[in-house]
Amino acid sequence: TASTHCASFMLTPFRALYACLAVVAAALTLRAQPQPLVVTPTAANSQTLNGPWRFKYFPTATLAPDAPDAAFATPEFKDTTWSQLAVPSHWELAGFAEPRYGKTLAEGTGLYRRGFRPPASWAGQRVFLRFDGVLSGLEVWINGTRIGEWSSGYNPVAFDITSALRADNDNIIAVRVTTRSKGWEFDTNDCWALSGIYRDVTLFAVPPAHFQDYSAQTKLNADGSAALTLAATTSEPANLTGRLFAPDGKLLREFQFATSTTTTLTVEHPSLWTAETPALYTLELALPSGQKLTEKIGLRQVTIADGVFQLNGRPIKLRGVDHHDIWPEVGRAATEAHLRRDLELIKAANINFVRTSHYPPHRRLLDLCDELGLYVMCEVPFGFGDEHLTDPSYQEILFTRAEATVARDHNHASILVWSVGNENPNTPLTFATARRVKALDASRPVCFPQVGSYFAKNFADLPADIDLYAPHYPTLSTVRDYATRLTRPVIFTEYAHALGLATDRIQDEWAVMQASPRLAGGAVWMFQDQGILRSATARPTGEKTDLYVWPDAHHYYDTDGNQGMDGIVYSDRTPQTDYWQVRKVYSPVQIPERHLAISSDVPAVTFHVENRFDFRSLAGLALHWELLRNGTAEQSGTLPLHAASHATEEITLPLTLPADAFGPDIFTLALRCTEGASTSSFYERTLQLEFPNAAPNASKLLRSLPVGTLALDETPTTIRVTHAHGEVRLDRATGELTLLDRAGTLLATGLFPHVGRKFTEAEALRAKKDALWTGAFLRSPTQLAIETTRAPSGSITLTVRGHYARPDAPDQALDGSHQITLYPNGALEIGYDYKFAPGHGPLLEAGLSLLVPAEAASFRWLGAGPYAGYPGKDVLNEFGRYHLHRDDLRFQGNRREVDAALLARPTGAGLALFCTGLDIAVERVPEGTVFSHNALLSGRGNKGSGPETNLKAEDTPSLTGRFVLLPLDPEWPPLLTRWFGQPTETVPVQQPFYRSYDQ
């Protein structure tokens, strides 16, 4: 009856009125309607219907009434010829249809059937059937009786099926799922649009008098206590008894109240819930019938004061990431293990905020956020259906989605904000939906995440009850502008789009957010690549498949080309470089120094530790330090930290320097912060110790080399210089340099200007509209002239002048020269000076390059590492000694602040490059490794936008640089071995994939 269900939303008068009217209307149309019964049933009173179901698929949106399977809902229908399909799952991943991405979702209908037997002990109780998620729309029958329908694919629905059950307990459930329910576009999103019953199906029973909902809301008092207001809705009026237990299990209060009222409990000295201190109380409520409700709740209050977003009366920063519920093998059919692993990875990256893009997530994800300590923005599921948002017939669909989202999730401590849809225009329908959310739950703010350009033009139209601004993908200048101009709190719900390996803006934009009170934070798009696991007997070819990640030769993660290639972890959750960038930028412990001066007179160093936690001090955290000589620890210790929240403490560390500390060795101070008994660190910093008047490392090494003689041999085609360690050849026709060791082994060829690098996916998109310079080498000079000079000291200088045309635009070119000065000790000093003649368009990187054989696979460098570094990623890496193999996932890319780098064969034969704090890049090509000295370097950019550091040829007066090359024999100079270890030393190779994009 209508009265039985009228209390379902009875937490505010508005909700009560709306719910009663809705139930009365429902009683006139369908025998049973979806129920907003959100209280979790006990294990004893529930039965899972997960498992194998009979299934048949049709590639149409509907079935004709005379179709052979049209009577599938009748109990006597024979389904023995049907296939089986696991629930939860997606029919596309089981091979019944081709997976589609976004709004390309195909028409399809899936018919499901299975039998079930409710336990005899449920007699006399109300029996409900709950679907936690079905994409897109469902219609359900029990024993041939139509029960109802539902068309919000990411919201749960519960049907009261009591009157349709058979007395003999042999029952048949039949479900029709369609991809074309009204509003299906709202559920497609920027992700795979997978179909079917993909979340749990549960049968459960409740006594005639049962809980339907409850509410627990906190208000903090001026005296530091917390006022906890409780309300409950039940199937019939009742007097409730309750108990409240502290996080440590201690009983705090026993109380009573009637369901027609609320009760407020005062909690003295509360343990307030935050992401830093996720304290959970236990609430027990009991009906006179004996039914109990036991839930974990957090005491916390969300407020806005003077445009500043606050939790528990204090400003907070949301260091966030967007998250999709999708995994390669199962799609959206998540398990507890999937959810926990994702959240543990997120926490380990110092992320404290998750936006559930673009729908309410699996219910257990929110439980885990409460438990582990993560702030959440939960999203009402509608986006990618803009064409419907001026059609009044869709208003009730939006209301249903809003009500179901709030009903299921409103008691989660972790949820701080309701997001009302995603990237939708401002219309009366969207505004009304936001007002409905506010009416259902006034304790949290709401926001409209919007496309950045649309927001910039239309934010003034947002009514005052849209509490927060949520623009997307700002540039750094936009972030700075909004920090001073906008008067409401700002959460950049998507920023630094991580397409491929391109999260250009995290570091600098976060610095502005951290410093600006009204910028509450943001979420990097996106946590994971949205790839689904596919099989292939042979690797397909084509533009899309070349982009995929292949775990082995016959499987790949399909991201629909680059559409789903935007995570900071790969589809299988292997961290990308940008995961470590996020971890560094978001760390609540920061050490701003990168270099420390030290002298023999005062062998102590002073640095600072900043506490960016919003609530807690650094008490309980330990700072571990190691003094490293050439990468090996010589001294170590541990210091306790104490800084209060948002404070900075100064650390003075006395060091005992060895007597020879001021010699040629490299000293660094490695710092690592851990908490409690944990051995894993969440922040690391290595500081380079700088000694007064120390010579550059290249000078130290070159002075240590024995001096020999040079022999010059010139022919009409070749210039040939030999020395004790090998041979140098220069081709007069091409200007190409060839380096050989004394055994005749090829060390390198080339030495040509290079302007460009292998595109990341973001750069490939830019190249379709911007004239990016590309190509590793400018190989074919014209106007070539070569000069040879010999100095009295015995050195020989080869000068190569030429005009190097841009391959895709021959009217643009580089003009100039490079000089190769060969010294009797075997070293080559390279200097170059080129000008664009003329040049137009963005420069990704530019300098001088060599091609080194692939066999020289050992890459070692002294500089910032271990990851590739670019402008805008200065905090990612630390100065030190690093060693990677060419096959390593992290090998490719530019390294910054490099003093020395080398590529060597397993025997040690190879090539070393010396400079002072400059950019050195390695790039895999089929012919070998491109080894580059970069005089110019732009950032990586984001999807759809260029980088913040965006160099252009027309703004670049010259391309100049200087470095030293040293051919290496298998027996290295002693100082090189001192710095880098033995030539034959090997390292573990991180090679998780058979092939991967952007590598």
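Residues numbered from 1 in each chain as written. Predicted model: local features only at pLDDT ≥ 70, side-chain atom pairs only at ≥ 80, totals over all residues. Heavy atoms only, no water.

Of the regular secondary structure elements, the protein chain holds 13 helices and 60 strands. Along the first, second and third principal axes, the C-alpha atoms of the protein chain reach 105 × 70 × 50 Å. Residue burial in the protein chain is summarised as follows: out of 999 residues, 61% are buried. The long-range fraction of contacts in the protein chain, counting pairs at least 24 apart against all pairs at least 6 apart in sequence, stands at 70%. For the protein chain, the computed accessible surface area is about 36200 Å², with 53% contributed by carbon and sulfur atoms. Side chains of the protein chain give 90 positive and 108 negative charges; the mean places of these two sets differ by 2 Å. (Helix = DSSP H or I, 4+ residues; strand = E, 2+ residues; numbered from the N terminus. Buried < 20%, exposed > 50% of the residue type's maximum accessible area, 1.4 Å probe, protein only. Contact = heavy atoms within 4.5 Å. Areas by Shrake-Rupley, 256 points an atom, 1.4 Å probe, with all protein chains shown as cover. Lys, Arg positive; Asp, Glu negative; His and termini not counted. Charge placed at Lys NZ, Arg CZ, Asp CG, Glu CD.)

So, about the nonpolar core. Judged by nonpolar contacts, the single largest core of 64 residues is most densely connected at Tyr 495 and Ile 568. Considering every element that reaches this core, the biggest residue donor is helix α6 (residues 428-440), with five residues. Excluding residues that lie within four positions of it along the chain, Tyr 495 makes contacts with Tyr 473, Pro 474, Ile 506, Glu 509, Trp 510, Met 513, Gly 522, Ala 523, Val 524, Trp 525 and Tyr 586. Listed in part, the 56 residues of the second largest apolar core include Leu 778, Ala 846, Leu 913 and Leu 936. (Core = buried A, V, L, I, M, F, W, Y, C linked by side-chain atoms within 4.5 Å.)

Below, the discussion takes up the pairing of strand β37 (residues 604-611). Here β37 shows a buried face lined by Val 605, Phe 607, Val 609 and Asn 611 and an unburied face lined by Ala 604, Thr 606, His 608 and Glu 610. In the sheet, strand β35 (residues 589-590) pairs with β37 via two bridges, with the strands oriented antiparallel. Looking at β37, one finds that Gln 590 is bridged to Glu 610. As defined by bridge partners, β37 adjoins strand β40 (residues 648-654) across seven bridges and the pair is classed as antiparallel. Of the residues in β40, the one forming a bridge with Thr 606 is Thr 652. (Pairing = 2+ DSSP bridges.)

This paragraph deals with helix α5 (residues 395-409). End to end, α5 covers 21 Å across 15 residues, agreeing with the expected 21 Å (1.5 Å per residue, within 8%). Taken across its 15 residues, α5 has 13 buried, putting it largely inside the fold. (Expected span 1.5 Å × (residues − 1).)

Okay, empty space enclosed by the protein next. In total, this model carries five cavities of 30 Å³ or more according to the counting rule given. Its boundaries defined by the atoms lining it, the largest cavity holds a volume of some 60 Å³. Lining the largest cavity we find 13 residues, and of these Tyr 57, Trp 91, Glu 92, Ala 97 and Ala 106 sit closest to its centre. Looking at the lining of the largest cavity residue by residue, the class counts come to six nonpolar, three polar and four charged. (1 Å grid on protein atoms, 1.4 Å probe; cavity = no way out; pocket = protein on both sides within 12 Å on 5 of 7 lines; lining within 4 Å. Points joined across faces, edges and corners; volume = space filled by probe spheres on them. Nonpolar A, V, L, I, M, F, W, Y, C, P; charged D, E, K, R; others polar.)

The strands making up a sheet associate through hydrogen bonds between their backbones, and the pairing can be parallel or antiparallel. Strand order across the open sheet formed by three strands is β32-β34-β33, with antiparallel pairing between neighbours. Whereas interior strands pair on both sides, the edge strands pair on one side only; in this sheet they are β32 (532-535) and β33 (549-552). Going across the sheet, the axis of each strand differs from the next one's by a mean of 35 degrees, ignoring polarity. Relative to strand β34 (residues 555-558), β32 is paired through four bridges, and the arrangement is antiparallel. Residue pairing across strands places Ile 532 opposite Asp 558, the latter belonging to β34. (Axes fitted to C-alpha atoms, helices over the stretch in contact; angles between N-to-C directions.)

A word on helix α9 (residues 506-515). Most of α9 sits inside the fold, with seven of its ten residues counted as buried. Those residues of α9 not exposed but buried are Ile 506, Gln 507, Glu 509, Trp 510, Val 512, Met 513 and Gln 514. Check the buried side of α9 and you find it contacts β24 (318-322), α8 (476-485), β30 (490-495), β31 (519-524) and α10 (577-586).

It is worth spelling out the side chain of Gln 812 at this point. Inspection of the secondary structure assignment puts Gln 812 in strand β50 (residues 809-822). A polar side-chain atom of Gln 812 sits 2.7 Å from the main-chain amide nitrogen of His 840. Other than its neighbours up to four places away in sequence, Gln 812 contacts Trp 773, Tyr 804, Ala 805, Arg 806, Pro 838, Gly 839 and His 840. (Polar contact = N/O pair within 3.5 Å; in protein donor to acceptor, adjacent residues only side chain to side chain.)

This part takes up unusual backbone geometry. Of the consecutive residues Val 87 and Pro 88, the connecting peptide bond is found in the cis state with omega at 5 degrees. For Pro 88, the position within the fold is in the loop between β4 (83-87) and β5 (109-116). Residues Gly 865 and Pro 866 are joined by a peptide bond in cis, for which omega reads 5 degrees. Summarising the element assignment, Pro 866 is placed in the loop between β54 (858-865) and β55 (878-885). The backbone of Asp 560 sits at a positive phi, close to 55 degrees, despite the residue not being glycine.

This paragraph deals with the packing of aromatic side chains. Using the criterion set out here, one finds 37 aromatic pairs in the structure. A ring pair is formed by Trp 773 and Phe 836, whose centres lie 5.4 Å apart and whose planes are at 75 degrees; its orientation type is edge-to-face. Of the two residues, Trp 773 sits in the loop between α12 (761-767) and β48 (782-790) while Phe 836 sits in strand β51 (residues 828-836), which places them 63 residues apart along the sequence. As far as burial versus exposure is concerned, Trp 773 and Phe 836 are alike and both buried. Aromatic rings pair up to connect Trp 53, Phe 55, Tyr 57, Trp 91, Phe 96 and Tyr 112 into one cluster. (Phe/Tyr/Trp six-rings, centres within 6.5 Å; stacked < 30°, edge-to-face > 60°.)

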